[in-house]
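Structure assessment
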Amino acid sequence: MTVLIAPDERPEKTPATSGRRRRPRTVPSFVLNLAALALGIAVWAGATSAHLVDVPGPLSVGSRALDMAGDGTLGEDALASLRRVFLGFALGTLLAVPVGFLMGWYPLARGLLEPYVQFFRTVPPLAIIPLAIVTMGIGETPKVFVIFLAAFLSSVVAAFQGVIGVDSTLVNAARVLGAKDRVIFLKVVVPAATPFLLVGMRIGLGASWATVVAAELIAADKGLGYEMMHAQTYYDLPTIFVGLISIGVIGLVMDRLLLRAERHLTAWQERR
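Here goes a summary of the coordinates provided. If you're wondering where the values come from, they're calculated on a predicted model, not measured in any experiment.

Attention shifts here to the environment of G100. Considering the arrangement of structural elements, one finds G100 in helix α4 (residues 73-105). For the pair formed by G100 and I164, sequence separation is 64 residues and the distance between their alpha carbons is 9.9 Å.

Here it is in structure tokens:
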């Protein structure tokens, strides 16, 4: 017997019956970032207007930033600090990659170099600033050197950890297929260690900015750290806030560039 269903009595199609499932809508990350920024500024403005904290508000800091940008002070200081960070960070990373890979791939290199790496890791780069200034003077060399050291130590450990963390099954499978050590290193080890290295570079970037500000606080005639130290003498809080925000913004932009490079170089990796 055939049962006829009237048009108005047909069951409605649901995601389960139609075979289609609605994916939950996700808010774009940049929208969340803008919302977090607006919320932070609102909290900052509310706290200062209610006199909950004795700091300048967003309007006074923004006004001071415009004044410093107008007379060229902010641009010169930012470029001076950025140049030091970029040079020290680039040199530290370039040296950390081969050293970390050598330590991870060759037991002899690991035994010779790892004690020195671990020793200097326990010594904060900030503690080396006085020694660097005494031995190298107050020019650019000591500042770049301590930044180089901070970036190198973070990146070399990450590269080393990435190499020794490679799945041995992949290496053995490549050897069974007849691959030489050079091919295994370039085609298996290097791609597998790249995510670790990039994470170490991001950590080293933050350490580089912390180090350059400390170095400029001690001996410098230009830079964001120097400007903040100079403002402290006159209790110029808006200028100090401009320096802090400038460092944060520049560091955030550099970190996002590294993150984009990471996504491009590790496109094969599954992400959530």
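Read on, since the account is not over.
Before going further, it helps to examine unusual backbone geometry. Its identity as a non-glycine residue notwithstanding, H51 has a phi of 60°, on the positive side. Positive phi, close to 55°, is recorded for Y235, a residue that is not glycine. Following the sequence through the fold, Y235 ends up in the loop between α10 (224-233) and α11 (237-265). For Y235, a relative accessible area of 60% puts it in the exposed group.

Pairs of aromatic rings are described using the distance from one ring centre to the other and the angle between the two planes. Summed over all chains, the structure comprises four aromatic pairs. Aromatic pair W44 and F241: ring centres 5.7 Å apart, planes at 15°, arrangement stacked. Residue W44 is found in helix α2 (residues 29-49), and its partner F241 is found in helix α11; the two are separated by 197 residues along the sequence. A centroid spacing of 6.3 Å and a plane angle of 35° characterise the contact between F145 and F148, whose relative ring orientation is tilted. Residue F145 and its partner F148 are located together in helix α7 (residues 140-164), separated by three residues, close to a single helical turn. Overall, the relative accessible area of 18% leaves F148 in the buried class.

What counts as what
Residues numbered from 1 in each chain as written. Predicted model: local features only at pLDDT ≥ 70, side-chain atom pairs only at ≥ 80, totals over all residues. Heavy atoms only, no water. Helix = DSSP H or I, 4+ residues; strand = E, 2+ residues; numbered from the N terminus. Buried < 20%, exposed > 50% of the residue type's maximum accessible area, 1.4 Å probe, protein only. Phe/Tyr/Trp six-rings, centres within 6.5 Å; stacked < 30°, edge-to-face > 60°.

Fair warning: the whole summary comes from geometry, so function is off the table for now.
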